[in-house]
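Residue strings, one per chain:
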Protein chains: 4
Amino acid sequence: MIYPDNRWKHAWDGIILFAVTFAAIEVPLRLVFGYTAKGWISVADSLLAAIFLVDVVLQFYTVQSEQGRLIVDRSEVRRRYMKSWFVPDFLAALPFDLIFLLAGPLGLPVLLAQRISRLVRMVRVLRLFHLAGILRTIQRQSTLHPGLLRMSILTYWILMAAHWVSCGWLAIVGSTGDPLLDYLNALYWCLTTIATVGYGDITPDRTNAVQLIYTMAVMVLGVGVYGYLIGNIATMIANLDVARAHHQEKMEQVTAFMRYRNIPPRLQSRIRNYYNYLWESRRGYDELSVITDLPDSLKADVVIHLNMEILEKVPIFRGSSNEFIRELVVELRPVVYTPGDYVFRRGELGERMYFVSKGRVEILTADDIEIKATLGEGDFFGEMALLFHQPRTASARAAEYCDLYYLDRSTFDRVLRRYPEFKKKVVAFAEQRSSRPHDVVAEGNASDV
Amino acid sequence: MIYPDNRWKHAWDGIILFAVTFAAIEVPLRLVFGYTAKGWISVADSLLAAIFLVDVVLQFYTVQSEQGRLIVDRSEVRRRYMKSWFVPDFLAALPFDLIFLLAGPLGLPVLLAQRISRLVRMVRVLRLFHLAGILRTIQRQSTLHPGLLRMSILTYWILMAAHWVSCGWLAIVGSTGDPLLDYLNALYWCLTTIATVGYGDITPDRTNAVQLIYTMAVMVLGVGVYGYLIGNIATMIANLDVARAHHQEKMEQVTAFMRYRNIPPRLQSRIRNYYNYLWESRRGYDELSVITDLPDSLKADVVIHLNMEILEKVPIFRGSSNEFIRELVVELRPVVYTPGDYVFRRGELGERMYFVSKGRVEILTADDIEIKATLGEGDFFGEMALLFHQPRTASARAAEYCDLYYLDRSTFDRVLRRYPEFKKKVVAFAEQRSSRPHDVVAEGNASDV
Amino acid sequence: MIYPDNRWKHAWDGIILFAVTFAAIEVPLRLVFGYTAKGWISVADSLLAAIFLVDVVLQFYTVQSEQGRLIVDRSEVRRRYMKSWFVPDFLAALPFDLIFLLAGPLGLPVLLAQRISRLVRMVRVLRLFHLAGILRTIQRQSTLHPGLLRMSILTYWILMAAHWVSCGWLAIVGSTGDPLLDYLNALYWCLTTIATVGYGDITPDRTNAVQLIYTMAVMVLGVGVYGYLIGNIATMIANLDVARAHHQEKMEQVTAFMRYRNIPPRLQSRIRNYYNYLWESRRGYDELSVITDLPDSLKADVVIHLNMEILEKVPIFRGSSNEFIRELVVELRPVVYTPGDYVFRRGELGERMYFVSKGRVEILTADDIEIKATLGEGDFFGEMALLFHQPRTASARAAEYCDLYYLDRSTFDRVLRRYPEFKKKVVAFAEQRSSRPHDVVAEGNASDV
Amino acid sequence: MIYPDNRWKHAWDGIILFAVTFAAIEVPLRLVFGYTAKGWISVADSLLAAIFLVDVVLQFYTVQSEQGRLIVDRSEVRRRYMKSWFVPDFLAALPFDLIFLLAGPLGLPVLLAQRISRLVRMVRVLRLFHLAGILRTIQRQSTLHPGLLRMSILTYWILMAAHWVSCGWLAIVGSTGDPLLDYLNALYWCLTTIATVGYGDITPDRTNAVQLIYTMAVMVLGVGVYGYLIGNIATMIANLDVARAHHQEKMEQVTAFMRYRNIPPRLQSRIRNYYNYLWESRRGYDELSVITDLPDSLKADVVIHLNMEILEKVPIFRGSSNEFIRELVVELRPVVYTPGDYVFRRGELGERMYFVSKGRVEILTADDIEIKATLGEGDFFGEMALLFHQPRTASARAAEYCDLYYLDRSTFDRVLRRYPEFKKKVVAFAEQRSSRPHDVVAEGNASDV
């Protein structure tokens with residue numbers, strides 16, 4: 001059986017995409033210009049039939065996915081395919097040119113056979129619907145930017161529609177001799193109309209009801225397509241950078257507020273810098289909101305990836321079970337400090353332990369003047385607050401923009417309650433600690449300090 | 001009296017819709033081309049008058065609905081109809097052709113009578129306003145997709161407007177002889193203008209003030225209609241699949257976040273799969289938010305429909321009153337687990353009981369290696385947590401994507417408090433249970449395990 | 001002094017609006033066609049100057065409002081007016097025609113004076129800016145639908161702009177003799193261009209740089225105006241009925257959910273009916289959200305208006321102070337019951353007292369079969385729950401769609417705490433009550449029962 | 001090193017912006033019209049080369065900012081520049097005219113050298129990409145309205161694109177002799193097409209495939225650009241005054257609610273006045289929401305700026321540490337009272353202390369009739385409620401629209417707990433106070449009263 005994530009399947013999907021596109025372009029052209037398939041077109045035609053035939057066979061061996069469950073059972077796969085796309089797929093795979101070759105021997109008038117063949121070949125276009133499914137799957141699994149992908153697929157369909165509308169126009173108006181110029185003129189008319197430019201150098205014959213009605217239909221549908229396109233382009237481009245749009249909107253709101261309330265220029269610039277920092281360092285994303293929607297296990301994996309080795313360094317967590325660490329990591333909350341902000345001051349009662357994710361934090365001496373230590377990425381401080389309800393023994397100040405994570409005591413306690421075996425270890429650690437002079441900086445990190 | 005949900009009433013509304021549409025199309029045409037009603041048109045005319053007349057009579061017997069209350073009283077119905085639509089409806093029901101036939105005997109000049117008759121027939125178009133009410137009712141009661149319906153109704157009105165604008169143009173410009181081509185040309189001009197294509201092959205006579213003003217009015221109104229249309233098409237298509245749009249937006253946000261934070265490909269694919277599962281299994285709907293808005297009784301009915309037989313199977317709920325089950329069912333909360341996630345682990349303190357709505361959950365033996373049991377749709381586990389505050393006796397792990405519902409102890413207790421007579425039964429059950437070795441899987445479900 | 005809510009001031013604002021509009025239309029026309037003011041135009045001109053002059057005088061006596069405070073002081077009003085609009089207003093009030101009459105005696109060449117006069121009259125158009133302020137005030141104070149008003153004002157400005165662009169076009173292209181047709185053609189060209197129809201029957205002379213540049217400027221600005229218009233029309237029409245849009249969106253979401261989860265048709269219809277009831281009875285408005293934003297005193301006034309006489313009927317509230325009632329009324333919460341829903345059942349512990357705002361509630365006898373009483377608009381029940389923690393003595397069931405308000409005990413207690421003098425009365429009432437058999441329906445309402 | 005906030009750097013960026021714009025306009029023009037650089041154009045050309053060369057040198061000394069951190073290290077700056085924009089910047093700085101002068105001596109055919117030179121000069125346009133970076137920085141740091149700025153930048157790019165498309169059209173169609181008219185015609189064609197006006201007086205030669213394809217490409221891209229523009233103009237203009245839009249939406253919702261519920265006109269007008277006051281006094285901004293997003297230190301600075309001297313006046317806060325005041329100030333909550341509202345009444349239990357930010361508050365005597373004192377901007381009252389749980393000794397009533405801030409006891413207590421050394425002072429103050437008769441108005445403000 002062929003699984004959805006098979007590499008060769010992806011390649012084959014690419015070939016099918018190309019083949020169907022070719023058929024969808026060539027079939028109406030042959031219908032309009034009425035040429036006979038010769039040379040490379042004839043070869044391409046046979047190749048197409050072969051590709052479609054192989055695909056029909058492959059479908060019987062392709063695992064389908066439904067509601068997150070894979071349908072691996074062969075008879076089930078076959079049953080489903082027979083009931084859905086088998087008939088149109090099989091019809092599209094018939095080699096119509098060969099059938100037309102048989103017309104002579106079978107006594108059918110060749111010209112009629114030719115015309116019928118051209119019409120019957122329309123079934124190949126049915127594969128476009130089948131293709132829509134493939135494109136949807138690609139859209140779902142691709143790691144490309146979804147907005148860009150959607151834009152490409154929409155463009156694909158619109159160009160295809162423009163091609164068909166142009167062929168329809170040619171069929172009604174009739175050709176003048178030069179097929180290429182005729183086609184270009186028809187496409188030119190089609191785009192001029194759909195884009196509502198309407199130069200008026202090509203217009204329907206006003207005594208020809210068919211041409212008038214066709215033009216009106218194209219205009220009415222065109223308005224719809226055009227409205228859809230305009231609406232989509234706006235959202236697409238907006239979504240190409242949702243984050244930037246949010247950031248700009250926020251900035252505009254803040255700027256308006258600051259100008260209205262006459263915030264002094266220096267404070268204005270600090271606030272602007274803060275938002276620019278948020279933007280540059282994390283594209284303004286509120287990680288919390290993205291992560292919150294995930295189920296607990298995925299949430300833990302993402303947060304663990306983001307804060308990999310931090311927790312494992314902390315002495316009180318060393319040697320604790322993986323599950324315990326996972327539960328704690330999910331509870332970490334990000335917080336930003338701007339340069340010069342105090343994270344906490346000596347003498348305050350501490351409730352939180354901090355982990356430095358980015359930036360430098362200075363630990364100050366008793367008089368808040370000298371810098372006792374500078375902590376950087378991966379360091380942590382204030383962990384005694386999780387164990388004891390006592391005042392901070394030193395102040396901590398952000399030396400530059402700092403991304404910290406914190407864990408507060410109540411959360412720590414809540415998680416601890418579910419891991420009673422670990423609680424004893426913590427108490428032991430705390431007792432050992434409290435017999436020595438408390439340091440705001442953990443010994444385990446002394447080398448960093 | 002005829003009630004709003006009467007089948008024949010729906011059919012009659014369909015006939016009225018058809019009749020009014022015919023009148024709205026034919027009345028301006030006859031006004032512009034000035035033809036005399038002969039043959040089938042004359043028959044249709046009389047039929048129309050008859051239908052409208054019958055409708056006036058029927059209105060006196062039709063129950064109206066107002067603010068959720070039905071107005072069944074006949075005199076009240078009559079009074080309301082007389083005050084609202086009776087006069088225009090009655091005028092629209094007059095057989096104008098017959099009146100015109102009377103012109104000769106009455107000594108009126110026939111030509112004048114004809115012209116007056118054509119003008120007076122305009123009152124029939126007043127029924128369009130009445131029709132708007134019917135369309136609104138259809139929109140409200142229909143089970144069709146509301147977006148599609150709104151799109152159809154909007155298209156109906158725009159085509160109608162285009163028809164009238166075209167007839168107006170014909171009246172101003174005058175006809176050339178071939179009514180069909182004339183009409184097609186007028187419609188073509190109208191659509192070319194409204195769609196802002198503006199080929200320029202049909203333009204107003206620039207020395208004719210009336211034509212210039214008419215064209216300008218059509219353009220100005222056209223821009224409005226066009227803007228309305230463009231705006232609507234965008235929202236309509238968006239609403240055709242609100243859920244999909246939300247899903248895609250979410251996916252784009254998540255993808256951007258993952259690319260920016262360099263989430264490893266395997267984790268990326270797990271997250272994408274999770275969202276695809278959510279989409280495929282429930283169109284990304286947050287059931288909670290839809291259900292929350294309903295009043296309690298409807299909420300209970302919907303949740304009961306969704307989880308029909310699950311609760312009744314649970315031994316501790318067996319034999320409890322219907323009201324009790326209803327209150328509990330409203331408190332069930334959905335939760336999703338991805339393949340391999342632990343629902344809970346042996347030794348944890350349990351607070352929740354789980355019901356399997358979809359997927360398979362494995363109950364593991366003490367060493368978490370062997371699978372003791374596999375639970376599927378309609379099974380439940382961990383129900384002892386509602387009664388006792390004790391550690392789980394086994395681990396439970398999701399074997400595939402699982403939709404579970406859970407009920408936590410505090411909710412259970414809260415509901416129990418309102419049903420004191422049931423509390424005794426539960427305590428008795430708990431005592432009986434606790435005298436036997438605890439199983440995480442209820443005995444009542446042993447056959448499923 | 002003239003206050004902003006003076007009736008005559010509104011009338012005068014209307015006259016000014018008319019006068020400025022006339023000036024804004026006539027000034028460029030005279031500039032382009034170069035006609036001499038004669039007959040009624042001359043009279044209108046003088047009248048205009050007089051009106052503007054009177055307005056300048058009146059401005060010195062008009063109270064201005066700033067940030068919710070009225071500026072009544074006459075010298076302050078004068079100072080402000082002198083610094084803001086006095087100069088342009090005064091210039092606009094000059095009688096230019098009279099000045100031009102003085103040209104002869106003063107020895108100025110008449111033709112030059114005429115031309116200068118026509119140019120100088122442009123200052124009258126400055127009043128349009130002043131007018132914008134008046135329109136904004138009207139918009140703020142009007143009780144008309146804000147969306148409709150905004151739409152009208154926008155249309156006013158766009159038509160004005162179209163008029164000016166047309167006059168500009170005439171000035172560049174030159175007139176052909178018939179002023180009316182010339183003007184209509186220019187307006188026609190302007191609208192054709194701005195609406196992007198672009199028939200192409202009137203185009204700039206391609207060897208005339210000025211015409212080309214003017215056309216390009218109009219197109220570029222036109223695109224902007226057009227985009228603004230399209231965007232606005234969409235929001236405007238949407239806002240014409242924000243409530244309906246919300247209702248429809250909700251309905252679409254609910255319908256999609258119900259179809260996807262296969263809710264049975266009867267339940268679907270009940271849910272749809274519920275939302276239709278919400279819509280018909282209160283336009284789907286969430287009163288709570290509208291009221292919540294108001295400051296407490298306004299909130300109380302609105303709620304009191306909505307529930308006027310209900311609270312005063314309740315025996316336990318009778319004779320309590322107005323302030324106490326006001327505070328209670330603010331805490332009333334609306335709730336809806338669908339036909340057949342139980343509000344509460346006999347034997348349940350009650351926590352809430354209910355007031356019937358609309359619909360009928362049935363009080364059932366002990367066996368829940370017979371109807372003991374039917375309560376309607378303005379009735380209340382279950383008030384003993386505010387005083388005693390005891391089971392309900394009867395069941396209450398909604399007979400049709402019911403809008404109830406409820407007051408729960410904790411809120412009642414909280415409010416009571418702030419009115420200690422009232423607490424005694426309540427306790428006395430409760431003691432008196434508890435010495436008699438409890439009724440779920442208050443005696444005070446016995447006549448309704 | 002040159003820092004980003006260097007004044008001369010801003011000036012130089014302006015020069016670069018001008019130079020690049022000139023190059024981007026002149027390069028394609030020379031390519032199309034094939035003129036030789038003479039006179040001032042030649043001088044400008046050399047000047048441009050010089051400017052670009054100087055800029056290359058300056059880049060080596062310009063500090064870059066990355067994620068809020070400045071890159072000051074010279075070798076790091078050089079390394080980064082060499083890897084990013086050095087090569088295109090250097091190529092753009094080459095003096096192509098001089099190279100062309102060397103063609104003769106070097107034996108190259110002069111005409112060919114000229115043509116090559118014109119083509120090679122295209123590299124200068126690469127600086128546009130570099131420019132995009134500068135424009136982004138300007139956008140980030142500017143204090144101008146972000147929406148206006150974005151609109152200007154977008155217009156800049158679109159005009160540039162129109163210029164290039166026009167030059168492309170000229171290159172394909174060929175010129176007729178008069179360069180200026182030719183260029184104007186090409187630009188006219190371009191704008192006519194992109195704005196979808198499509199007069200049709202200039203259309204591609206329908207037998208010329210290149211012209212047809214070029215036109216179609218312009219139309220297709222034009223639709224995209226146009227859609228983008230329309231979408232942007234709507235949001236831009238909306239964002240020019242986000243606050244007003246919110247206010248209007250709110251007003252529309254409230255108006256609809258009031259009309260539907262038949263609120264009496266006087267109450268309607270009071271509600272409308274309240275919203276107008278909110279709008280006029282603070283542009284409807286919810287300060288809380290803007291401030292909430294800031295980190296604590298910035299939040300405190302903004303609030304302190306807004307309420308500068310208020311807190312310091314209060315006796316119980318006098319002499320407290322700066323940090324303590326900062327923490328309290330962050331907890332101040334704004335509240336609005338409409339004229340005549342009671343802030344509190346005599347006898348109520350007080351929980352909040354109030355600060356008057358705007359408007360007048362009247363303190364009433366025991367019988368609520370006489371006004372004992374009137375408090376204005378910067379005054380405070382009810383501060384004893386933070387210390388004692390006792391009834392208010394007088395009533396306070398808003399005389400006009402009042403913006404107050406309040407601080408409630410629980411918050412005060414919470415902050416106090418973190419500043420134990422200050423707690424003693426407060427207790428002492430309270431004891432001293434309670435030994436005297438309580439005044440609702442602080443003595444410290446007696447002069448204001």
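Rules used throughout
- Residues numbered from 1 in each chain as written.
- Chains lettered and ligands numbered in written order.
- Predicted model: local features only at pLDDT ≥ 70, side-chain atom pairs only at ≥ 80, totals over all residues.
- Heavy atoms only, no water.
- Axes fitted to C-alpha atoms, helices over the stretch in contact; angles between N-to-C directions.
- Helix = DSSP H or I, 4+ residues; strand = E, 2+ residues; numbered from the N terminus.
- Parallel < 35°, antiparallel > 145°, perpendicular 65-115°, else oblique.
- Contact = heavy atoms within 4.5 Å.
- Nonpolar A, V, L, I, M, F, W, Y, C, P; charged D, E, K, R; others polar.
- Core = buried A, V, L, I, M, F, W, Y, C linked by side-chain atoms within 4.5 Å.
- Buried < 20%, exposed > 50% of the residue type's maximum accessible area, 1.4 Å probe, protein only.
- Pairing = 2+ DSSP bridges.
- Salt bridge = Lys/Arg side-chain N within 4 Å of Asp/Glu carboxyl O.

S.K.: Let's hear about the packing of helix H14 (residues 296-306) of chain D against helix H16 (residues 322-330) of chain D: which residues, and what values?
M.R.: Residues and elements named next belong to chain D. Across the interface, H14 lies against H16 with an axial gap of 9 Å and an inter-helix angle of 85°. In this view, H14 runs roughly perpendicular relative to H16, as classed from their interaxial angle. Contact residues: H14 offers Ser297, Lys299, Ala300, Asp301, Val303 and Ile304, while H16 offers Arg326, Val329 and Val330. Residue classes in the contact of H14 with H16 are distributed as five nonpolar, one polar and three charged.

S.K.: Before we move on, could you go through the nonpolar core and cite the residues and values that matter?
M.R.: A general tendency of soluble globular proteins is for nonpolar side chains to be buried together. With 94 residues, the main nonpolar core has A:Trp189 and D:Trp189 as its most contacted residues. In this structure D:Trp189 touches A:Tyr199, D:Val165, D:Trp169, D:Ile202, D:Tyr214, D:Thr215 and D:Val218, once residues within four positions along its chain are discounted.

S.K.: Quick rundown of the sheet that holds strand S4 (residues 342-344) of chain A? Include the residues and the values.
M.R.: Residue and element names in this part refer to chain A. Within the open sheet, the four strands sit side by side as S4-S9-S6-S7. Their pairing is antiparallel. Edge positions in the sheet fall to S4 and strand S7 (371-375), since each has one partner strand and no second. Across this sheet, the average inter-strand angle for adjacent strands is 30°, counted without regard to direction. For strand S6 (residues 361-364) and S7, the ladder comprises four bridges, and the chain directions are antiparallel. Counterpart to Leu364 in the pairing with S7 is Ile371.

S.K.: Pulling in residues and values, what's your account of unusual backbone geometry?
M.R.: Residues and elements named next belong to chain B. Here Thr196, not a glycine, exhibits a phi torsion of approximately 60°, which is positive. Secondary-structure assignment places Thr196 in the loop between helix H10 (179-194) and helix H11 (209-240). Its relative accessible area of 2% is what places Thr196 among the buried residues.

S.K.: I'd like to hear about the pattern of salt bridges, residue by residue, with values.
M.R.: Residue and element names in this part refer to chain D. Across all of its chains, the model carries 52 salt bridges over all chains by this definition. Arg30 is paired through a salt bridge with Asp45; the nearest N and O atoms lie 3.4 Å apart. With Arg30 in helix H1 (residues 7-33) and Asp45 in helix H2 (residues 39-59), this residue pair connects regions lying 15 residues apart in the sequence. Per residue, the accessibility class of Arg30 equals that of Asp45, and both read buried.

S.K.: Give me the sheet that holds strand S4 (residues 342-344) of chain B: which residues, what numbers.
M.R.: Residue and element names in this part refer to chain B. Overall, antiparallel pairing links the four strands, which are arranged S4-S9-S6-S7 in an open sheet. Looking at strand neighbours, the two that pair on one side only are S4 and strand S7 (371-375), the edges of this open sheet. Across the sheet, the mean angle separating the axes of adjacent strands is 30° when strand polarity is ignored.

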